[in-house]
Amino acid sequence: MSEPKPPTPTPGDTYKGWLFKWTNYIKGYQRRWFVLSNGLLSYYRTQAEMGHTCRGTINLATANIAVEDSCNFVISNGGAQTYHLKASSEVERQRWITALELAKAKAVRMQAESDDSGDECPAVPPTSGQGGSCRNSEVQSTLRTLSSKVEDLNTCNDLIVKHGSALQRSLSELEGLRVGGDMGEKMRQVTERATLFRITSNAMINACRDFLSLAQSHSKRWQKALQVERDQRIRLEETLEQLAKQHNHLERAFRGATVLPPSFSNPALGNKGGGSGKGDASDEDDDNEFFDAMEDPAEFITVPADPKYHRRSGSNVSGISSETGMDDQSVNFDELSLASNPESPQPLELEPVRQRRTRIPDKPNYYLNLWSIMKNCIGKELSKIPMPVNFNEPLSMLQRLSEDLEYYELLDKAAKCQSSLEQMCYVAAFTVSSYSTTVHRTGKPFNPLLGETFELDRLNECGYRSLCEQVSHHPPAAAHHAMSEKGWTLRQEITLASKFRGKYLSIMPLGSIQCLFDKSNNHYSWKKVTTTVHNIIVGKLWIDQSGEIDVVNHKTGDRCHLKFAPYSYFSRDVPRKVTGVVTDKDGKAHYVLSGTWDEKMEFSRIMQSSKGENGTEGKQRTVYQTLKAKEIWRKNPLPEGAENMYFFSSLALTLNEPEEGVAPTDSRRRPDQRLMEDGRWDEANAEKQRIEEKQRSVRREREREAVKAASSPEEAVCEDSVNDSPLKTDTVETGTEANEVSDESAHPDNYQALWFEKFDDPVSGETLHIYKGGYWEAKDQGSWDMCPDIF
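All values derive from a computational prediction rather than experimental measurement.

## Brief notes about the overall build of the protein chain
Turning to step 1, where the next piece is worked out: Counting its secondary structure elements, the protein chain contains 16 helices and 26 strands.
Turning to step 2, where the next piece is worked out: Sequence-distant contacts in the protein chain: of pairs separated by 6 or more residues, those separated by 24 or more amount to 61%.
Turning to step 3, where the next piece is worked out: In the structure as shown, the protein chain presents an accessible area of about 40,600 Å², 52% of it carried by carbon and sulfur atoms.

Have a look at this one:
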């Protein structure tokens, strides 16, 4: 069976199909969907992307097409763009080559027809009538000339076909004749038809020569005009980029945010600017930890709802409290928060609020090459990497965990909500707000020692207090419990799993976070997303959050699905974007949340929903008709001079402030952390090493006692001999941090937490450490005899 005829697309037609495109030496050829239309060759990852995302486009009018072998061919426009392509077969390659050559010829012809360089027009800018008539007359004249030449070529082609067929018949008849009397007549006919064919062929050649001469006469003018257009487009793109940066900077300044230097305003963009000169191959290199534009677009689209919904009272819509009610809560909450509850005394009877510090010593300018330390640690857990305090910030991981309460007001508002769906919006905003302090915080917190604690007592100022304790060492785990007089309790247990991959560092928080409300008995739980630190080897460090969070109300079945979009150099979307949908137990959507994890979140009530256009891989996206979006959370501006104070927030500046009456195990009492905050880093490193060695000794002793208690005397002696062997003790702890004991990490901690105990939650079905009580009573009595000596 013969192969199908190669395509000959007419103007307006397109040619589509799958080809293999060379990406890089790691991935090689990757399958892409190519579309040839109007002289442009574009490609996409999937057919579904054609509606919204183009991965690259090359103009065939200025491109060269070269064939490498039976299936491979190359398209290049002079160096800026080069596509190395491979077809599935030689026949398929030939079809593409034919279509590309025809499209290129058509593109060149279309450029000639649209040429308006105006060499024959006056140099003085013409009036509207003169300029238009000059260009139109020239274009019309050129079109008429080219059309006449094309008609000549078509006529000659028809004649050649006609006379060629006649000549072929005559030659066939001549071969069949016997030598006889009519031989002369047949020879005369053959000679006559051959003469006609020669005359027609000459006419065809002359017409082609005239057409070529005419095209060459206009070639220089077309190329010049095209170059002018290219230069102008480049200038416009550069101007537009500068205007966009200025607009973003002015907008941030207008909103009251701290204006930072350009290197801090968008660290991700600043570090990626140098990669633009690599050509289109940059969109294929996944090792940069960037993601292609709209690789996984939003699963829903929001559009304004019909105006009739704005006139309806919220009490008439699905039993949810009115939109005005939510606004009133936001506006009047400052007045309501003056008292811990409606029955509390008047503000004049409250205890005086303690003045907290607003500054810490500026960060010293110590230089240390991070790569020189971490190059031998690729693939290891972060807790196994020996790190000096030069890369730390003067806070422990327990204090960083307590920073989640910076926007506690969201939970206060949630506790006042009558609707569980409305309450879910505030809880979801609270989960996002906990990441706002990380955008510039590239410093590593101190690893807590086993048994270390941290209390955050804000009962008088804010109506809540919290307690953290390091309850496990291998794996490192911290338990946190916060309780508010406004009627909510927050508890979480976080275990960090981290991997260093050379160019970036991924930190995966494990464990669960739970929030309980006293009035409604609603029980929420969720987990954290992955944090990635980029540019470990070269460039300025910057942090990104990516992943998905499901906030679940175990009592009602309500759910909020939050999606943290990873930063993409190629995306047109807002950086650090977060979107979410609040649904009830039946899966019906009621609210849409959108914003960024470093700035603000908004929510909109859904009035109607419908199925919209298909997204990536054919997935149908939902279109939500919503009321006007309202702000639910906004990040507090950083203190003045925050760039010199580790980019700490106002709350973070107070976390390590010395305070009387705290437990001996409190993070504020860590000598190495205190020395680092004071800028005495050399002394801090020495003190850090002493504390780590002390903890290792305590750990070894605890393991020996556990082995003796669990085994017979003979086994105990044998086990002691193993633990005391030089091979074991000499190869374990050298150069590691307090929780970085390689050989001992195989054994779980046989340690009982002091203030927390393990609990199997029957509601969420998860096991975590919860606060068992006694800490605040011990603080009131000043009795800390049960606390171990860890510092």
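## Regarding the side chain of Glu92
Turning to step 1, where the next piece is worked out: Its place among the elements puts Glu92 in helix 1 (residues 90–113).
Turning to step 2, where the next piece is worked out: Assessed through its relative accessible area of 16%, Glu92 is described here as buried.
Turning to step 3, where the next piece is worked out: Beyond its immediate stretch of four places on either side in the chain, Glu92 contacts Tyr15 and Ala87.

## A short note on the pattern of salt bridges
Turning to step 1, where the next piece is worked out: Applying the stated criterion across every chain, the model contains 36 salt bridges.
Turning to step 2, where the next piece is worked out: Of the charged contacts, one joins Asp761 and Arg491 as a salt bridge, the two residues approaching to 3.8 Å between their closest N and O atoms. Here Asp761 is found in the loop between strand 25 (756–760) and strand 26 (767–771), whereas its partner Arg491 is found in strand 14 (residues 488–500), with 270 residues between them in sequence.
Turning to step 3, where the next piece is worked out: Its relative accessible area of 5% is what places Asp761 among the buried residues.
Turning to step 4, where the next piece is worked out: On the basis of relative accessibility, which here comes to 12%, the residue Arg491 falls in the buried class.
Turning to step 5, where the next piece is worked out: One salt-bridge network, in which partners are shared between bridges, spans Arg356, Glu461, Glu659, Asp666 and Arg668.

## Here we look at the packing of aromatic side chains
Turning to step 1, where the next piece is worked out: Summed over all chains, the structure comprises 20 aromatic pairs.
Turning to step 2, where the next piece is worked out: A centroid spacing of 5.4 Å and a plane angle of 80° characterise the contact between Trp22 and Tyr25, whose relative ring orientation is edge-to-face.
Turning to step 3, where the next piece is worked out: Under the relative-accessibility criterion, Trp22 is labelled partly exposed at 28%.
Turning to step 4, where the next piece is worked out: A relative accessible area of 79% places Tyr25 in the exposed class.
Turning to step 5, where the next piece is worked out: With centroids separated by 5.3 Å and ring planes inclined at 70°, the aromatic side chains of Tyr435 and Phe564 adopt a geometry described as edge-to-face. Residue Tyr435 is located in the loop between helix 10 (420–433) and strand 10 (444–446), and its partner Phe564 is located in strand 19 (residues 559–564); the two are separated by 129 residues in the primary sequence.
Turning to step 6, where the next piece is worked out: Overall, Tyr435 belongs to the buried group, its relative accessible area being 5%.
Turning to step 7, where the next piece is worked out: Owing to a relative accessible area of 1%, Phe564 belongs among the buried residues under this scheme.

## Quick word on the packing of helix 9 (residues 409–416) against helix 10
Turning to step 1, where the next piece is worked out: At their nearest, the axes of helix 9 and helix 10 sit 8 Å apart, and the two run at 170° to each other. Regarding the angle of helix 9 to helix 10, the classification is roughly antiparallel. Side by side, helix 9 and helix 10 meet where Leu410, Leu411, Lys413, Ala414 and Ala415 of the first sit next to Gln423, Tyr426, Val427, Ala429, Phe430 and Ser433 of the second.
Turning to step 2, where the next piece is worked out: The residue inventory of the contact of helix 9 with helix 10, partitioned by class, reads eight nonpolar, two polar and one charged.

## Side note on unusual backbone geometry
Turning to step 1, where the next piece is worked out: In this structure, Tyr646 is a non-glycine residue whose phi angle is positive, near 65°.
Turning to step 2, where the next piece is worked out: Within the secondary structure, Tyr646 is located in the loop between strand 24 (630–634) and helix 11 (650–655).
Turning to step 3, where the next piece is worked out: We note that Phe647 has phi near 55°; this positive angle belongs to a residue other than glycine.
Turning to step 4, where the next piece is worked out: Within the element layout of this structure, Phe647 appears in the loop between strand 24 and helix 11.
Turning to step 5, where the next piece is worked out: A relative accessible area of 9% places Phe647 in the buried class.

## Brief notes about helix 10
Turning to step 1, where the next piece is worked out: With 14 residues, helix 10 extends 20 Å from end C-alpha to end C-alpha; this agrees with the ideal 20 Å at 1.5 Å per step.
Turning to step 2, where the next piece is worked out: A large share of helix 10 lies buried, amounting to 14 of its 14 residues.
Turning to step 3, where the next piece is worked out: In this structure Ser419 caps helix 10, since a side-chain oxygen of it lies 3.3 Å from the backbone nitrogen of Leu421.

## Observations regarding the nonpolar core
Turning to step 1, where the next piece is worked out: Ranked by internal contacts, the top residues of the largest apolar core, which has 66 residues, are Trp488, Leu490, Phe517, Trp526, Val551, Leu562 and Phe564.
Turning to step 2, where the next piece is worked out: Examining the composition of this core, we find that nine residues originate from one element, helix 10, more than from any other.
Turning to step 3, where the next piece is worked out: Contacts of Trp526, omitting those with residues within four sequence positions, involve Val427, Phe430, Thr431, Leu490, Ser512, Ile513, Cys515, Ile549, Asp550 and Val551.
Turning to step 4, where the next piece is worked out: The next biggest cluster of nonpolar side chains, apart from the first, holds 20 residues, and it includes Tyr15, Phe34, Leu60 and Ile65.

## Topic: the pairing of strand 16 (residues 523–526)
Turning to step 1, where the next piece is worked out: Side-chain alternation along strand 16 places His523 and Ser525 on one buried face and Tyr524 and Trp526 on a second face that is also buried.
Turning to step 2, where the next piece is worked out: Of the pairings in the sheet, the one linking strand 15 (residues 504–517) to strand 16 comprises four bridges and is antiparallel in character. When the bridges of strand 16 are listed, Cys515 appears paired with Tyr524.
Turning to step 3, where the next piece is worked out: Hairpin connection of strand 15 to strand 16: five residues between the antiparallel strands, including Asn521 at a positive phi of 60°.
Turning to step 4, where the next piece is worked out: As paired strands, strand 16 and strand 18 (residues 542–553) are joined by two bridges and run antiparallel to one another. Bridging across to strand 18, Tyr524 finds its partner in Asn553.

## Some remarks on the sheet that holds strand 1 (residues 14–24)
Turning to step 1, where the next piece is worked out: Reading across from one edge, 4-3-2-1-7-6-5 is the order of the seven strands in this open sheet, with antiparallel pairing throughout. Looking along the sheet, the strands with just one partner apiece sit at the ends: strand 4 (56–59) and strand 5 (64–67). Put simply, the sheet's adjacent strands are angled 35° from each other on average, direction ignored.
Turning to step 2, where the next piece is worked out: Relative to strand 2 (residues 28–37), strand 1 runs antiparallel, the two sharing ten bridges. Note on strand 2: the bridge partner recorded for Thr14 is Ser37.

## As for the pairing of strand 12 (residues 464–473)
Turning to step 1, where the next piece is worked out: Within strand 12, nine of the ten residues are buried, which leaves it mostly tucked inside the rest of the structure.
Turning to step 2, where the next piece is worked out: Where strand 11 (residues 453–458) and strand 12 come together, six bridges link them in antiparallel fashion. Bridge pairing in strand 12 places Asp457 opposite Arg465.
Turning to step 3, where the next piece is worked out: Between strand 11 and strand 12, which follow one another and run antiparallel, lie five residues, and Gly463 among them has a positive phi close to 85°.
Turning to step 4, where the next piece is worked out: Where strand 12 hands over to strand 13 (residues 476–484), the hairpin turn is made up of two residues, counted between the paired strands.

## Looking at the environment of Tyr426
Turning to step 1, where the next piece is worked out: Considering the arrangement of structural elements, one finds Tyr426 in helix 10.
Turning to step 2, where the next piece is worked out: Looking at Tyr426, the relative accessible area reads 1%, which means it is buried.
Turning to step 3, where the next piece is worked out: In this structure, the C-alpha to C-alpha distance between Tyr426 and Asp412, residues 14 residues apart in sequence, is 9.1 Å.

## Observations regarding the confidence of the model for the protein chain
Turning to step 1, where the next piece is worked out: When pLDDT is averaged along the protein chain, the result is 76, and 72% of the positions lie at 70 or above.
Turning to step 2, where the next piece is worked out: The low-confidence segment residues 311–350, where pLDDT is below 50, has 50 contacts with residues more than four positions distant or belonging to other chains.

## Some words on the environment of Val578
Turning to step 1, where the next piece is worked out: Note on placement: Val578 falls in strand 20 (residues 577–583).
Turning to step 2, where the next piece is worked out: Between the C-alpha atom of Val578 and that of Thr596, which follows or precedes it by 18 residues, the distance is 5.2 Å.
Turning to step 3, where the next piece is worked out: Once residues lying within four places of it in the same chain are set aside, the contact partners of Val578 are Val432, Leu562, Lys563, Phe564, Leu593, Ser594, Gly595, Thr596, Trp597 and Met601.

## Focus on the state of the cysteines
Turning to step 1, where the next piece is worked out: Scanning the model with the defined rule gives zero disulfides in all.
Turning to step 2, where the next piece is worked out: There is no disulfide at Cys425, and the cysteine sulfur nearest it, in Cys560, is 7.0 Å away.
Turning to step 3, where the next piece is worked out: Its relative accessible area of 0% is what places Cys425 among the buried residues.

## Observations concerning the environment of Thr57
Turning to step 1, where the next piece is worked out: Counting through the fold element by element, Thr57 comes out in strand 4.
Turning to step 2, where the next piece is worked out: Between the C-alpha atom of Thr57 and that of Tyr83, which follows or precedes it by 26 residues, the distance is 10.0 Å.
Turning to step 3, where the next piece is worked out: Here the side chain of Thr57 touches Ser42 through a polar contact of 3.0 Å, side chain to side chain.

The rules behind the values
Residues numbered from 1 in each chain as written. Predicted model: local features only at pLDDT ≥ 70, side-chain atom pairs only at ≥ 80, totals over all residues. Heavy atoms only, no water. Helix = DSSP H or I, 4+ residues; strand = E, 2+ residues; numbered from the N terminus. Contact = heavy atoms within 4.5 Å. Areas by Shrake-Rupley, 256 points an atom, 1.4 Å probe, with all protein chains shown as cover. Buried < 20%, exposed > 50% of the residue type's maximum accessible area, 1.4 Å probe, protein only. Salt bridge = Lys/Arg side-chain N within 4 Å of Asp/Glu carboxyl O. Phe/Tyr/Trp six-rings, centres within 6.5 Å; stacked < 30°, edge-to-face > 60°. Axes fitted to C-alpha atoms, helices over the stretch in contact; angles between N-to-C directions. Parallel < 35°, antiparallel > 145°, perpendicular 65-115°, else oblique. Nonpolar A, V, L, I, M, F, W, Y, C, P; charged D, E, K, R; others polar. Expected span 1.5 Å × (residues − 1). Polar contact = N/O pair within 3.5 Å; in protein donor to acceptor, adjacent residues only side chain to side chain. Core = buried A, V, L, I, M, F, W, Y, C linked by side-chain atoms within 4.5 Å. Pairing = 2+ DSSP bridges. pLDDT = per-residue confidence, 0-100. Disulfide = S-S within 2.5 Å.

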